[in-house]
Amino acid sequence: MASIIYNLSTAAIAGLSTATIKGLTTEDWAAFSTAQIFALSSGQMPAISTQGIAALSSTQLNAITTSDLHALGSHQLRALTSAQIDAISSTNLDTLSSTSLQALSTAQVRALTTDQVAGLGTAHIAELSSSQLAALTTDQLSHVATDQLHQLSSVQLDALTTAQFASLGASSLNSLSTANFAALTTAQIASLGTAQVAALATDSLHALGSHQLRALTSAQIDAISSTNLDTLSSTSLQALSTAQVRALTTDQVAGLGTAHIAELSSSQ
């Protein structure tokens, strides 16, 4: 059949029944030219077996039109190899429906190029599942825009690993809403570098709960600016452990207002 496919005109390819399409072998699909792939209709696409999808070369996959790509089912998309995922243009990837995007496995998500990640719209980033977000490499995550991070739910942010969270820049961290900041896990808070802590906006610092503040290491406490430290509420200040209080620099202590000094507990 492969030799027959090779000699079929694009009009003949477009005329193949779904039953015939469904019966094609991997060898048959390998014989398709890019022009023949391009000639396939969106009505024929759902009939391609998962083996047939996986057999397509990157060049063949690039010849699939946007409408044909949209016609693929979730099971077909999951059959794509990492190399095939890599071959989908950023433009085509961003046109996928939320159902199609969410059908991608974590391995397929990790296979996305940074250009593909950067090309995803805000709505698509917000539609990624927690497991898909957690699968992103730190390099991929760095290509998610700050306004897109702002759109993530608390559940999605909680899914980010400590390595991912530690890789976020100051602008990305400060783009998070105060509600999202308040929902961060203590492990995520503890993973922040001193430069990240030093760059936290006052509102972000204020959003941290007592349990989150207690998760800060001595080095992180040391990194908080005297100005920011003095803006903490009495509840937040009193949440600091004795070890954290001992970690304060002399400049930080000197920067505390009279009211804050008076609010320190006996143990502090």
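See the structure printed just above.
Cut-offs applied
Residues numbered from 1 in each chain as written. Predicted model: local features only at pLDDT ≥ 70, side-chain atom pairs only at ≥ 80, totals over all residues. Heavy atoms only, no water. Helix = DSSP H or I, 4+ residues; strand = E, 2+ residues; numbered from the N terminus. Rg over C-alpha atoms; globule rule 2.2 N^0.38 Å. Buried < 20%, exposed > 50% of the residue type's maximum accessible area, 1.4 Å probe, protein only. Contact = heavy atoms within 4.5 Å. Areas by Shrake-Rupley, 256 points an atom, 1.4 Å probe, with all protein chains shown as cover. Lys, Arg positive; Asp, Glu negative; His and termini not counted. Charge placed at Lys NZ, Arg CZ, Asp CG, Glu CD. Core = buried A, V, L, I, M, F, W, Y, C linked by side-chain atoms within 4.5 Å. Phe/Tyr/Trp six-rings, centres within 6.5 Å; stacked < 30°, edge-to-face > 60°. Polar contact = N/O pair within 3.5 Å; in protein donor to acceptor, adjacent residues only side chain to side chain.

(A) Summary view of the overall build of the protein. The helix and strand tally for the protein stands at 32 helices and zero strands. Whereas a compact globule of 268 residues would reach a radius of gyration of roughly 18 Å, the protein reaches 26 Å, over 25% beyond that. Overall, the C-alpha framework of the protein stretches about 90 × 25 × 20 Å when taken along its three principal axes. Relative to its 268 residues, the protein shows a buried fraction of 42%. Nonlocal contacts in the protein, meaning residues at least 24 apart in sequence, comprise 78% of its contacts between residues at least 6 apart. Carbon and sulfur atoms make up 54% of the accessible area of the protein, which totals about 11400 Å². For the protein, the centre of its 5 positive side-chain charges and the centre of its 15 negative side-chain charges are spaced 14 Å apart.

(B) Local environment of the nonpolar core. Core analysis: the largest hydrophobic core is formed by 73 residues, its most contacted members being Ile 21, Trp 29, Phe 32, Ile 37, Leu 40 and Phe 165. Looking at this core, the elements that each hand over two or more residues are helix H5 (34–39), helix H8 (66–71), helix H16 (130–135), helix H25 (202–207) and helix H27 (218–223). Residues contacting Trp 29, with those up to four places away along its chain left out, are Ile 21, Leu 24, Ile 37, Leu 40, Ile 48, Gly 52, Leu 56 and Gln 60.

(C) Main features of the packing of aromatic side chains. A complete count under the given rule lists one aromatic pair for this structure. With 4.5 Å between their ring centres and 25° between their planes, Trp 29 and Phe 32 make a pair best called stacked. Under the relative-accessibility criterion, Trp 29 is labelled buried at 0%.

(D) Molecular detail of the environment of Ser 172. With respect to the helices, strands and loops of the structure, Ser 172 is situated in helix H21 (residues 170–174). Given the relative accessible area of 12%, Ser 172 is considered buried. Separated by 117 residues in sequence, Ser 172 and Ala 55 place their C-alpha atoms 40 Å apart. With near-sequence residues (within four places) excluded, Ser 172 lies in contact with Thr 146 and Leu 149.

(E) Spotlight on the side chain of Gln 156. Tracing the sequence through the fold places Gln 156 in helix H19 (residues 154–158). Within polar-contact distance, the side chain of Gln 156 engages the backbone oxygen of Leu 128 at 2.8 Å. Contacts of Gln 156, omitting those with residues within four sequence positions, involve Ile 125, Ala 126, Glu 127, Leu 128, Ser 130, Leu 133 and Gln 151.

(F) Structural view of the environment of Asp 28. With respect to the helices and strands, the residue Asp 28 is situated in helix H4 (residues 26–30). Given the relative accessible area of 5%, Asp 28 is considered buried. Each C-alpha atom, one on Asp 28 and one on Ile 4, is 8.8 Å from the other, the two residues being 24 residues apart in sequence.

(G) Looking closely at the environment of Asn 92. With respect to the secondary-structure elements, Asn 92 resides in helix H11 (residues 90–93). Once the C-alpha coordinates of Asn 92 and Asn 62 are considered, the two residues, 30 residues apart in sequence, prove to be 9.5 Å apart. Those residues in contact with Asn 92 that lie beyond four places of it in its chain are Ile 64, Thr 66 and Leu 69. In this structure the side chain of Asn 92 is engaged in a polar contact, spanning 2.6 Å, whose partner is the side chain of Thr 66.

(H) Highlighting the side chain of Gln 44. For Gln 44, the location among the structural elements is in the loop between H5 and helix H6 (50–55). A distance of 2.9 Å separates a polar atom in the side chain of Gln 44 from the backbone oxygen of Leu 16. Those residues in contact with Gln 44 that lie beyond four places of it in its chain are Ile 13, Ala 14, Gly 15, Leu 16, Thr 18, Ile 21 and Ala 39.

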